[in-house]
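Here is what each chain is made of, one letter per residue.
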Amino acid sequence: MRIQTHNIAQQFNREVIFKNITLEMSAPETVAILGGNGSGKSTFLRILSGKSMPAHGSITYSHNEIEIPQEKLYGYISLCAPYSAIYEQFTLEELIRFHFKFKNPVQGIKASNIPELLSLEKHKSKTIEKYSSGMKQRVKLGLAILSNTPLLLLDEPFSNLDETNQQFMSSLITEHGKNRLTIICTNHLANELKLCNRRINIEDYKK
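Thresholds applied
- Residues numbered from 1 in each chain as written.
- Predicted model: local features only at pLDDT ≥ 70, side-chain atom pairs only at ≥ 80, totals over all residues.
- Heavy atoms only, no water.
- Phe/Tyr/Trp six-rings, centres within 6.5 Å; stacked < 30°, edge-to-face > 60°.
- Helix = DSSP H or I, 4+ residues; strand = E, 2+ residues; numbered from the N terminus.
- Buried < 20%, exposed > 50% of the residue type's maximum accessible area, 1.4 Å probe, protein only.
- Lys NZ or Arg CZ within 6 Å of the ring centre and 35° of its normal.

1. Section: the packing of aromatic side chains
As enumerated under the stated definition, the model contains five aromatic pairs in all. Judged by centre distance (5.4 Å) and plane angle (85°), the rings of Y87 and F98 are edge-to-face. With Y87 in the loop between β6 (77-80) and α2 (92-99) and F98 in helix α2, this residue pair connects regions lying 11 residues apart in the sequence. Take Y87: its relative accessible area is 47%, and that puts it in the partly exposed class. Given a relative accessible area of 28%, F98 falls into the partly exposed group. Ring geometry for F90 versus F98: centroids 5.6 Å apart, planes at 70°, classification edge-to-face. For F90, a relative accessible area of 26% translates into the label partly exposed. Taken together, the aromatic side chains of Y87, F90, F98 and F102 make up a single cluster linked through ring pairs. Between the NZ or CZ atom of R46 and the centre of the ring of Y83, over which it lies, the distance is 4.6 Å. Its guanidinium or amino end placed over the ring of Y74, K103 lies 4.1 Å from that ring's centre, counting from NZ or CZ.

If you want it as structure tokens, here you go:
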């Protein structure tokens with residue numbers, strides 16, 4: 001998977017969030033998008049995911065040297081972000097079955113084994129709305145990591161997770177992200193930064 005941005009810029013009410021972002025990211029690579037709260041890193045990730053359009057500029061996506069049209073981008077992306085909703089009226093079992101109607105699990109993982117893998121086997125028959133914030137984050141992050149897509153987009157993925165679960169999710173990202181392009185928005189959280197072999201500071205694109 002390869003992403004090329006061409007002079008990407010975004011603004012709201014005449015306030016420039018970032019501008020002139022021209023760069024290339026390609027698999028296998030794990031990229032940290034750095035910035036403090038309100039810096040624009042989540043806005044940039046929304047643009048990369050196709051959920052928002054930039055005010056200026058364009059993006060080219062390709063996989064195996066074939067360009068991906070915008071309308072087919074969903075099938076190539078797994079996203080975990082605060083604004084990516086899950087159906088909380090579903091039980092975990094129902095949510096997993098629904099999710100994998102549209103995407104396949106990564107190689108070596110069966111969808112039916114995911115509750116146990118996420119240490120949620122005892123809760124698989126509960127509706128997601130009854131989960132704690134940390135459990136919900138495990139579900140969202142687990143479904144993204146364990147979906148077989150060449151692009152993995154994670155916005156502050158370890159929020160609401162304790163140290164033990166951060167370490168566990170780090171191991172999942174490392175194991176299943178080897179041949180993918182993984183992009184992580186992070187507020188300089190150490191366990192998130194340790195996963196990344198490249199860093200891009202969104203503050204550099206405000207001048």
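We are not done yet, so read on.
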